[in-house]
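Next come the chains, spelled out residue by residue.
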Amino acid sequence: MRRTYSGTSIGKPRQNQTNEDAVVARRNVVAVSDGAGGGGIYADLWSAYLLKQLPETPIASFACLDDWVDSIWEPFYAVCEESAKKAGGMVLNKFYDEGSFATLAVVWRTNEGFRWMSYGDSVVFCYRARTGTLEHSFTRLSDFDNPPYLINFKDKLHEEGFRSGLFKNIGACDVVFCATDALAHYVLMMYELSRRGRYGLELKEAERRGSKNAQIVKTAMDCRVCFKKDVIDKLRHCAGRKEDFRQHVEALLRKKLIALDDYSYAMTVG
């Protein structure tokens, strides 16, 4: 069966703000990038640029990621420098002093399986339909509270922010996808809630952090979760359907099960 590839991205619902996420889903590649607007400038352009420049073959090591960023940043810098000069003043100073920030999570389909890499708190997932298990690129649920590693054209990358791996033996019904941080937190939290016996300590650790994510975990503790039905099937249904995805996210916001943010995911199924 031929695999399908789809991506969906929306800005913060009802906030009338720029969506700083970017998403790509094309044959044999799915990826997301979360432009971090808390610092720097042109985060939305930088996240989109990173995905546009993605190589067709996997970035398999930190050295490869470092070399790739070093090989692509200058055209972006030149264009944005001109825009910043026209804006002048604080915009230009911010561009020179801080640059642009974004995360990156990518999956490439290869002959050996699905090769993935991530930098920052955007996450790669693999849902195994036969066993109902979820594999992912992240560390622990509570680590979403930590400042993420970010790619910036003006700063050195940190090797500890890079993760990579391979999903092997992917079946026709298995789902491989990438998601930006707020959605990724929701997915991982719901999976752990569906298997409380195994992840009880990790959930308690996340709940004790005293953060906005901790409050979300505390609220979600009362939920009864069927992970496939409540999470995977709904994401599959919304893939490539922006308005359906928006309605799904707004329902999660009303239930206080997800943080307010931009939301993006790219998925391959089949």
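Described in the following lines is the structure provided in the data block.

Definitions and limits used
- Residues numbered from 1 in each chain as written.
- Predicted model: local features only at pLDDT ≥ 70, side-chain atom pairs only at ≥ 80, totals over all residues.
- Heavy atoms only, no water.
- Pairing = 2+ DSSP bridges.
- Helix = DSSP H or I, 4+ residues; strand = E, 2+ residues; numbered from the N terminus.
- Axes fitted to C-alpha atoms, helices over the stretch in contact; angles between N-to-C directions.
- Buried < 20%, exposed > 50% of the residue type's maximum accessible area, 1.4 Å probe, protein only.
- Disulfide = S-S within 2.5 Å.
- Contact = heavy atoms within 4.5 Å.

Regarding the sheet that holds strand 7 (residues 133–136)
Piece 1. Read from one edge of the open sheet, 5 strands run 1-10-9-6-7, paired in antiparallel fashion. Since the sheet does not close on itself, it has two edges, and those belong to strand 1 (4–10) and strand 7, each with one partner. Adjacent strand axes in the sheet meet at a mean angle of 20°, parallel and antiparallel pairs treated alike.
Piece 2. Relative to strand 10 (residues 263–269), strand 9 (residues 175–179) runs antiparallel, the two being bridged by 5 bridges. Residue pairing in the sheet places F177 in a bridge with M267 of strand 10.

Details of the environment of V79
Piece 1. Relative to the assigned elements, V79 resides in helix 2 (residues 62–87).
Piece 2. You can call V79 exposed: its relative accessible area is 56%.
Piece 3. Distance from V79 to V187, taken between C-alpha atoms, is 37 Å for residues 108 residues apart in sequence.

Some details on the sheet that holds strand 2 (residues 21–26)
Piece 1. One open sheet accounts for 5 strands, arranged 2-3-4-5-8; its pairing is antiparallel. If you trace the sheet from one side to the other, it starts and ends with strand 2 and strand 8 (162–167), each paired once. Each neighbouring strand pair of the sheet contributes to a mean axis angle of 10°, computed without reference to strand direction.
Piece 2. Across 7 bridges, strand 4 (residues 104–110) lies against strand 5 (residues 113–119) in antiparallel orientation. If you follow A105 over to strand 5, its bridge partner there is S118.

Regarding the state of the cysteines
Piece 1. Considering all chains together, one arrives at 0 disulfides under this definition.
Piece 2. Cysteine C126 is unpaired, with the sulfur of C178 as its nearest cysteine sulfur at 11 Å.

Observations regarding helix 1 (residues 43–52)
Piece 1. For helix 1, the set of buried residues is A43, W46, S47, Y49, L50 and L51.
Piece 2. Packing partners of the buried residues in helix 1 comprise strand 2, strand 3 (29–34), helix 2 and strand 4.

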